[in-house]
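So the chains spell out like this:
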Amino acid sequence: MGLVSSDVQYHLNVTSEQVGKYVILPGDPGRVPLIAERLDNAVKVAYNREYQTYTGELSGEKVSVVSTGIGGPSAAIAIEELFRCGAHTFIRVGTSGGINLKVTGGDLVIASAAVRGDGTSREYIPHGYPAAADFDVIRALCDAADNLSSDTDGNRRHVGVVQSKDSFYGEIEPQTMPIADELTQRWNAYIKCGCLASEMEAASIYSVALARGVRAGAVLTALWNVERSKAGLPDKICKDNTRAIQCAVDAVKRLIESEEKSK
């Protein structure tokens, strides 16, 4: 069908031979080579628009790292085109802003599900259907995170629901928006429900994965927690995503080795 009928994917500019069945998904193209350094024999495959792709190996299995850009629409395109290339397991690794007071800057947040505050998920799954992660992927992320975490501020790991939204500034400056009251009311409801953190891609990634019958999960670094600051609690800004990256890589390795044993 025209633009999308070629073996070379239109946006990612890759073919099925160039990517693995397991894919790590940072948002930032600049993080791709940093993650790829943790793979064996990684090489740059393509760089088109916001999508940079490297492919290497873990435990003898081909694994790719592909950037998605910011937000749900571009992330959905990445999942769609990687799915067409045969990928079946996706782990988002990125950053978030803490909501729950137990989350401090530097903590890892593993997203078991995401509030569908995005627009993209509406194009894939019905209203009211949850944007949920795959259990095996979440279990692998939790096991990997346990080995990288300690019970100290900035080094903990949490698992639970996150909020996905389309507007970064709608979160951090809601009072400037014409719908400020609506945004504030929703945010307060998320706090009461125990939502861990806010980010911009998980709901879209999970929804596309559910629609296509593949697996997805996400591990996020909490950059900071505005609610802790509001409450006068200690917090810090953390821009180091190293632990989340290692968690994602270790989780992929665990999944590969687990599936190899089950053969």
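These figures come from a predicted structure and were not determined experimentally.

Draft legend 1. Structural detail: unusual backbone geometry. One non-glycine residue, Arg49, lies in positive phi territory at about 55°. Of note, the phi angle at Ser59 is positive, near 50°, even though the residue is not glycine. Summarising the element assignment, Ser59 is placed in the loop between strand 3 (51-58) and strand 4 (61-66).

Draft legend 2. Layout of the pairing of strand 4. In terms of strand pairing, strand 1 (residues 22-26) meets strand 4 through three bridges, oriented parallel. In the strand pairing of strand 4, Tyr22 is matched with Val63. With six bridges connecting them, strand 3 and strand 4 associate as antiparallel partners. The residue of strand 4 that forms the bridge with Glu57 is Lys62. Taking the residues that link successive antiparallel strands as the turn, the strand 3-strand 4 hairpin has two residues, and the phi of Ser59 there is positive, at about 50°.

Draft legend 3. Just the nonpolar core, in detail. Counting 67 residues, the largest nonpolar core has Leu82, Phe90, Leu141, Tyr206 and Val219 as the members making the most contacts within it. When residues in this core are grouped by element, the largest group, nine residues, is from helix 8 (residues 242-261). Not counting chain neighbours up to four residues away, the residues in contact with Phe90 comprise Val23, Leu25, Ile79, Leu82, Phe83, Val137, Val214, Arg215, Ala216 and Gly217.

Draft legend 4. Layout of helix 6 (residues 202-212). Most of helix 6 sits out of view: eight of its 11 residues are buried. Taken as a whole, helix 6 has its buried residues at Ala202, Ala203, Ser204, Ile205, Tyr206, Ser207, Val208 and Ala209. One or two positions beyond helix 6, positive phi appears at Gly213, with a value near 75°.

How each quantity is defined
Residues numbered from 1 in each chain as written. Predicted model: local features only at pLDDT ≥ 70, side-chain atom pairs only at ≥ 80, totals over all residues. Heavy atoms only, no water. Helix = DSSP H or I, 4+ residues; strand = E, 2+ residues; numbered from the N terminus. Pairing = 2+ DSSP bridges. Core = buried A, V, L, I, M, F, W, Y, C linked by side-chain atoms within 4.5 Å. Buried < 20%, exposed > 50% of the residue type's maximum accessible area, 1.4 Å probe, protein only. Contact = heavy atoms within 4.5 Å.

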